[in-house]
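Each chain, written out:
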Amino acid sequence: MKEFINYMADPIRSFPIMTILYILMMKYYRIIGTKKFAIGAVVASLPVVAWFCMDANFRAIILWPDNIPINIIIILIAWLTWYSLYRCAQNDARIEKGECPIEATPENREKVWTWPNLVYTELMCMIGATVFLVVWAIIFKAPLEEPANPTWAPNPAKAPWYFLGLQEMLVYFDPWMAGVVLPGIIVVGLMAIPYIDTNPKGNGYFTIKERPLAMWMFMYGWLVLWIYLIIVGTFLRGPNWTFYGPFEYWDFHKVVSEYNVNLSEFLWIKWLNMPMPGNIVLREILGIILTVAYIVVIPLWSAKTKWGKKIIENTGQIRYYIFIFLLLGMTSLPIKMVLRWLFSLKYIIALPEWELNL
Amino acid sequence: MSDESKKQLNRREFFSFVTVGWVAFTSAVAGLASLAFRYSYPNVTFDPEMDFIAGFPADYEEGVDERWKNGFGVWMVKQEGKLVALSNICTHLGCVPNWLPAELKFKCPCHGSGYYMNGINFEGPAPRPLERYKIALTPEGKIKVDKTKIYRYEKGQWDHPDSYLSV
């Protein structure tokens, strides 16, 4: 059983599983968003967690001081995701019956004073957070290590936990993409949401039914492409950034065989049986064509479809193209991951001469 | 002129006050900015030297030699009659890979890039091979490694006579 879980936890298998679980969760949110389901899930998961914790290797990973915040966020995110689904299910049932969302009922629209209602709560939260951090600092030591040495790196060398999703992304992308372009798109894209999304539905209340596209997209990016990758980077990546199952001992000499190949090598050497051309643009021509098709042809083509026409009608051309560009940026990550796993594809465009790889 | 208006500044006094004040303000800001700029440079650097003498060619056995890794960030690799000075900076994001003697490869702890003994990348996200540094013999027959000169495989520079020593 433990062997099987180790085997299934490899991102090659756990990423599709998480995607499927995510789709099921969003599809059956009315079943999941009930109190019965929540109690059932907690009761069912307690013995499983207890059984997991019997394993010394698993305990060593989750009780490592750096990883404890991530245990806490997993619990918090599970709770918050369930809670929002619960509120969505409630509201959607009401909307179907022709009632207003719970947040719009007269008793919930009552106004209160900032002082004392808000400021007092904020003060209490500040005190609570300070106490929490002080206690945390006393319990979990953060000792000074030896002076920084530019010629030595710890193994595994891990970023702070909130960046581990990015570090996991870097396994599949050039540092320019995963370190600069994609994080930039994430930040700019999140800031752009209020300007792109002009639909007033869902403002101030929970709903999935009225905003299916927005909810499905955002929750996928958040839960699967961000939280799941943080969990993988934290718990399942050991020395040499090799994958280790949750019950696996972090053996420094775990042998992994991997040989990554660029698309240009596939094209010229494997498929055309030719030496690589000297001209680097000609060498990477297939990758360049595919990339241009991905970021130019897909938006233009999708604007002609029924789905695209509807969004353009509601929001306008410019908003639509910005939206589709952000969406393609997001989907480039799962596409690249799957290509790496299936074909050991390293880069679609590889121009190391120009420090540019996609 | 009444007493009231004598207490007030006239135009000429006003401008001289403003000029003095502005000059003082500007020089204070410039002084602070130059201090801040100076502060961004360390007083003492612990950077490794950019060139060093690495003993005699006969000191090295076939394979990877790690004696200069911690001091200078260089692996000396002797293979197929060539001795090269290989950079220990991963070409993906600049971490420091480890030499795994059992697997005969360099493996980066940050994102799992792997390189063969000769520095060619084969696994993980590394886009290009490890860089070689200039290596030459001094008149006494000692090896001199110069890290300011870099030879990159993908640019065809590994054929350059300064990028290796024939041993």
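To start, this report covers the structure provided alongside it.

## Remarks on the packing of helix H9 (residues 175–196) of chain A against helix H15 (residues 317–343) of chain A
All names here are of chain A.
Stage number 1. Contact geometry for H9 and H15: axes closest at 10 Å, N-to-C directions at 145 degrees. Crossing geometry of H9 relative to H15 is assigned as left-handed. Between H9, through Leu182, Ile185, Gly189, Tyr195 and Ile196, and H15, the contact on the second element is made entirely by Arg319, Ile322, Phe323, Phe325, Leu326, Gly329 and Ser332.
Stage number 2. Among the residues forming the contact of H9 with H15, the class breakdown is eight nonpolar, three polar and one charged.

## Examining the interface of chain A and chain B
Accessible area lost during the coming together of the parts is what is often quoted as the interface size.
Stage number 1. On the chain B side, the residues contacting the 32 residues of chain A number 31 residues.
Stage number 2. Across the chain A to chain B interface the summed buried area is about 2,400 Å²; carbon plus sulfur atoms make up 50%.
Stage number 3. At the junction of chain A with chain B, the criterion picks out zero salt bridges.
Stage number 4. The tally of links between chain A and chain B comes to nine residue pairs in polar contact (both at pLDDT 80 or more).
Stage number 5. Its residues placed into classes, the side of chain A that touches chain B shows 16 nonpolar, nine polar and seven charged.

## Observations regarding the pattern of salt bridges
If charged atoms from side chains of opposite charge come close, those side chains can pair.
Residues and elements named next belong to chain B.
Stage number 1. By the definition in use, this model includes 17 salt bridges over all chains.
Stage number 2. For arginine 128, the salt bridge identified is with glutamate 131, shortest N-O distance 3.1 Å. Side by side, arginine 128 and glutamate 131 carry an identical accessibility label, which is buried.
Stage number 3. Connected through shared salt-bridge partners, Arg128, Glu131, Arg152 and Glu154 make up one network.

## Quick word on the nonpolar core
All names here are of chain A.
Stage number 1. Counting residues in hydrophobic clusters, the biggest one holds 50 residues, and the most contacted among them are Phe15, Tyr22, Met25, Met169, Phe173, Leu333 and Met337.
Stage number 2. It is helix H10 (residues 212–235) that provides the largest number of residues to this core, a total of eleven residues.
Stage number 3. Sequence-distant contacts of methionine 25, defined by excluding residues within four places in its chain, comprise Ile32, Thr81, Leu85 and Leu223.

## What about the sheet that holds strand E5 (residues 98–100) of chain B?
All names here are of chain B.
Stage number 1. Strands sit in the order E5-E6-E7-E8 across an open sheet of four strands; the sheet is antiparallel. With partners counted over all chains shown, the strands left at the sheet margins are E5 and strand E8 (121–123), one partner each. Taking the axes of each pair of neighbouring strands and ignoring which way they run, one obtains an average angle of 35 degrees across the sheet.
Stage number 2. With three bridges connecting them, strand E6 (residues 105–107) and strand E7 (residues 114–116) associate as antiparallel partners. Across the sheet, the residue bridging to phenylalanine 106 is tyrosine 115, located in E7.

## A closer look at the packing of H10 of chain A against H15 of chain A
Residues and elements named next belong to chain A.
Stage number 1. Contact pair H10 / H15: the axes reach a minimum separation of 12 Å and the direction vectors enclose 40 degrees. Note that H10 runs across H15; the crossing there is left-handed. When H10 is examined against H15, the residues Leu213, Met217, Tyr220, Gly221, Leu225 and Leu229 are found in contact with a partner set consisting of Phe323, Leu327, Met330, Leu333, Pro334 and Met337.
Stage number 2. In terms of residue class, the contact of H10 with H15 is made up of eleven nonpolar, one polar and no charged.

## Observations regarding empty space enclosed by the protein
Stage number 1. Overall, the coordinates contain one cavity of 30 Å³ or more when judged by the stated rule.
Stage number 2. Reported here for the largest cavity is a volume of approximately 30 Å³.
Stage number 3. Asn240, Thr242, Lys254 and Val256 of chain A together with Leu100, Glu103, Lys105 and Lys107 of chain B together form the lining of the largest cavity.
Stage number 4. When its residues are assigned to classes, the lining of the largest cavity shows two nonpolar, two polar and four charged.

## Thoughts on unusual backbone geometry
Residue and element names in this part refer to chain A.
Stage number 1. Backbone torsion omega between tryptophan 115 and proline 116 reads 5 degrees, so that peptide bond is classified as cis.
Stage number 2. Relative to the helices and strands, proline 116 is located in helix H7 (residues 114–139).
Stage number 3. Between asparagine 155 and proline 156 the backbone carries a cis peptide bond, its omega angle lying at 0 degrees.
Stage number 4. A positive phi angle is found at asparagine 240, which is not glycine, with a value near 60 degrees.

## Re the environment of leucine 282 of chain A
Residue and element names in this part refer to chain A.
Stage number 1. If you trace the backbone, leucine 282 turns up in helix H12 (residues 280–283).
Stage number 2. Taking C-alpha positions, leucine 282 is 9.4 Å from serine 264, a pair spaced 18 residues apart along the chain.
Stage number 3. Non-local contacts of leucine 282, meaning those with residues more than four positions away in its chain, are made with Trp268 and Pro277.

## Here we look at the pairing of strand E10 (residues 143–151) of chain B
Residue and element names in this part refer to chain B.
Stage number 1. The sheet contact formed by strand E1 (residues 51–53) and E10 spans three bridges and is antiparallel. Each residue of the ladder has a partner; that of isoleucine 53, found in E10, is lysine 144.
Stage number 2. The pairing of strand E9 (residues 132–137) with E10 spans six bridges and is antiparallel. Its bridge partner lying in E10, tyrosine 133 is registered against isoleucine 150.
Stage number 3. If you look at the hairpin formed by E9 and E10, you'll find five residues sitting between the two strands, and glycine 141 has a positive phi there, around 85 degrees.

Reading the values: the criteria
- Residues numbered from 1 in each chain as written.
- Chains lettered and ligands numbered in written order.
- Predicted model: local features only at pLDDT ≥ 70, side-chain atom pairs only at ≥ 80, totals over all residues.
- Heavy atoms only, no water.
- Axes fitted to C-alpha atoms, helices over the stretch in contact; angles between N-to-C directions.
- Helix = DSSP H or I, 4+ residues; strand = E, 2+ residues; numbered from the N terminus.
- Left-handed = near helix turned anticlockwise from the far one by under 90°.
- Contact = heavy atoms within 4.5 Å.
- Nonpolar A, V, L, I, M, F, W, Y, C, P; charged D, E, K, R; others polar.
- Buried area = accessible area lost by both parts, 1.4 Å probe.
- Salt bridge = Lys/Arg side-chain N within 4 Å of Asp/Glu carboxyl O.
- Polar contact = N/O pair within 3.5 Å; in protein donor to acceptor, adjacent residues only side chain to side chain.
- Buried < 20%, exposed > 50% of the residue type's maximum accessible area, 1.4 Å probe, protein only.
- Core = buried A, V, L, I, M, F, W, Y, C linked by side-chain atoms within 4.5 Å.
- Pairing = 2+ DSSP bridges.
- 1 Å grid on protein atoms, 1.4 Å probe; cavity = no way out; pocket = protein on both sides within 12 Å on 5 of 7 lines; lining within 4 Å.
- Points joined across faces, edges and corners; volume = space filled by probe spheres on them.

Limitation: the analysis is restricted to geometry and does not speak to function.
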